[in-house]
Amino acid sequence: MRRQTPARRWRITWLLGLGVLVNYFDRVNLSVSHNALYAAFGVSNITFGYLSGAYNWTYAMCQLPIGVLLDRFGVRRVGRISTFLWSVASFAAAVSPGIGGLFAARFLLGVGEAPTFPANAKAIGKWFPQSERGLATSIFDAAAKFASAIGVPLIGILLLKVGWRWSFAATGVISLLYFFLFSKVYRDPEDDPELTEEERAYIGGELESPVVQNEQSRPVSLGYLIRQRKVVGLALGFGSYNYVFYLLLTWLPSYLSFALHIDLLHSFLYTGVPWLFATVTDLIGGWLADSLIRRGWDASRVRKAILIGGTACGLGILGAANAHTATRALIWISVSIGGLSAAAPVGWSIPSMIAPRESVGTVGGIVNFSNQLSGIAAPIVTGYVVAATHSYTVAFVISAIYLLIGIASYIFLLGKIEPVPSPVG
């Protein structure tokens, strides 16, 4: 089948990418506000760890039911509600009178943003054939890294100029604007009036190929899916990635400032360096997977190689544990998050490849539930470790051990990337 020119499906993935960009502006504004919250409310390292993880608590609790809701009500209906809620949460943080209010705002943010990645994985599965899903996924996944690359410096400068409350309010305005944009633009392929018949036939023809999709047409139960080795392997492997991701997302500015004695403004600016590198490697990972597969390479082996190789690069965080200069620390952290980011779009494309077609949202929810348990643990564990040892070394070693578990899960549990067997009867 001939290659299609960029069309409606690529505009949809850029829309999803913009949503993730806005989504992560809302997430990183707390890490930028660490010192300001200490000055305002006397927030300790341990309390800040819990506050950083608060978002992930409700986010994780919502993952399994969100997956089921996505499979029942669709991306557009669930997405509109979620984008509105996360806008409200940012405004609520801006007017919080104390720590209790900030916790409540972060809890609400977790509920609002919970559908984002499972919904995006489901949308990509609907809009793209397997031969294009790696790059399509990398576009929205790279936005998470780019948000930190530009968000931390921009929000940090805004905070230093006008205060932390206005920085939260600014992200609330941006989120609300995205709510209106998503509501106006997003449709599933079968409901999109701007989708041409040629592109509809191209998408539908490849998606219905028996080689690409599982024959199962009805949703499979949550209980059945969580017992599948492939689902468990993907969930554990991706969980290890997310542990390192959230450790750096929530603690990197503080690490640079505390461990390497860099002033606050420069810690904001330096934080953007590894995240910018991760943005590039994220896009390369998705493009490389699609490119090699189109050239005839074995699809499962290509994706497994990128998953395992990228996660192995994540072990570079051990180099940062012994770094004594900003340059050395940034190099090792860039290697770590860059490798993990190259693997991320491949990982996010896999739910639509191993799940029965009508259960992609549920599998995405299972995987993201594991991710968010890691997202909860990373800032809290790091807070306790830093408070007890006055160093980040042990925190980085813990993350490396988890990565080794993730690599083993990809090798021994995920196995060949193909649909899970359909339940008998």
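Residues numbered from 1 in each chain as written. Predicted model: local features only at pLDDT ≥ 70, side-chain atom pairs only at ≥ 80, totals over all residues. Heavy atoms only, no water.

**What to know about the side chain of Thr13**
And then number 1: With respect to the secondary-structure elements, Thr13 resides in helix 1 (residues 8-32).
And then number 2: Taking the relative accessible area as the measure of exposure, Thr13 reaches 0% and is therefore buried.
And then number 3: In contact with Thr13, other than residues within four places in its own chain, are Ile124, Phe128, Ala136 and Ile139. (Helix = DSSP H or I, 4+ residues; strand = E, 2+ residues; numbered from the N terminus. Buried < 20%, exposed > 50% of the residue type's maximum accessible area, 1.4 Å probe, protein only. Contact = heavy atoms within 4.5 Å.)

**As for unusual backbone geometry**
And then number 1: Its identity is not glycine, yet His390 carries a phi of approximately 55 degrees, on the positive side.
And then number 2: Assignment of secondary structure puts His390 in the loop between helix 17 (360-389) and helix 18 (393-414).

**A closer look at the confidence of the model for the protein chain**
And then number 1: On average, residues of the protein chain score 85 in pLDDT, and 93% of them reach the 70 mark or higher.
And then number 2: At the level of individual helices and strands, the protein chain shows its lowest average pLDDT in helix 9 (residues 197-207), which scores 72, and its highest in helix 18, which scores 96.
And then number 3: Below a pLDDT of 50 lies the segment residues 1-6, which in the model reaches nine contacts outside its immediate sequence neighbourhood of four places, other chains included.
And then number 4: Predicted confidence for residues 207-216 stays below pLDDT 50, and this span has 25 contacts to residues more than four positions away or in other chains. (pLDDT = per-residue confidence, 0-100.)

**Structural notes on helix 6 (residues 116-127)**
And then number 1: The terminal C-alpha atoms of helix 6 lie 16 Å apart, and with 12 residues this matches the ideal 16 Å at 1.5 Å per residue to within 8%.
And then number 2: When we look at burial in helix 6, the residues that qualify are Thr116, Phe117, Pro118, Ala119, Asn120, Ala121, Lys122, Ala123, Ile124, Gly125 and Trp127. (Expected span 1.5 Å × (residues − 1).)

**Remarks on empty space enclosed by the protein**
And then number 1: Scanning the entire structure with this criterion turns up four cavities of 30 Å³ or more.
And then number 2: In this structure, the largest cavity occupies an estimated 130 Å³ of space.
And then number 3: What lines the largest cavity is a set of 14 residues, and nearest its centre among them are Thr83, Thr116, Asn120, Tyr178 and Phe182.
And then number 4: Of all the secondary-structure elements, those providing two or more residues to the lining of the largest cavity are helix 1, helix 4 (75-94), helix 6 and helix 8 (164-185).
And then number 5: Its boundaries defined by the atoms lining it, the second largest cavity holds a volume of some 90 Å³.
And then number 6: Around the second largest cavity, the lining comprises 15 residues; the ones closest to its centre are Tyr24, Phe117, Asn242, Trp348 and Asn371.
And then number 7: Secondary-structure elements contributing two or more residues to the lining of the second largest cavity are helix 1, helix 7 (130-162), helix 11 (229-258) and helix 17.
And then number 8: When residues in the lining of the second largest cavity are grouped by element, the largest group, four residues, is from helix 11. (1 Å grid on protein atoms, 1.4 Å probe; cavity = no way out; pocket = protein on both sides within 12 Å on 5 of 7 lines; lining within 4 Å. Points joined across faces, edges and corners; volume = space filled by probe spheres on them.)

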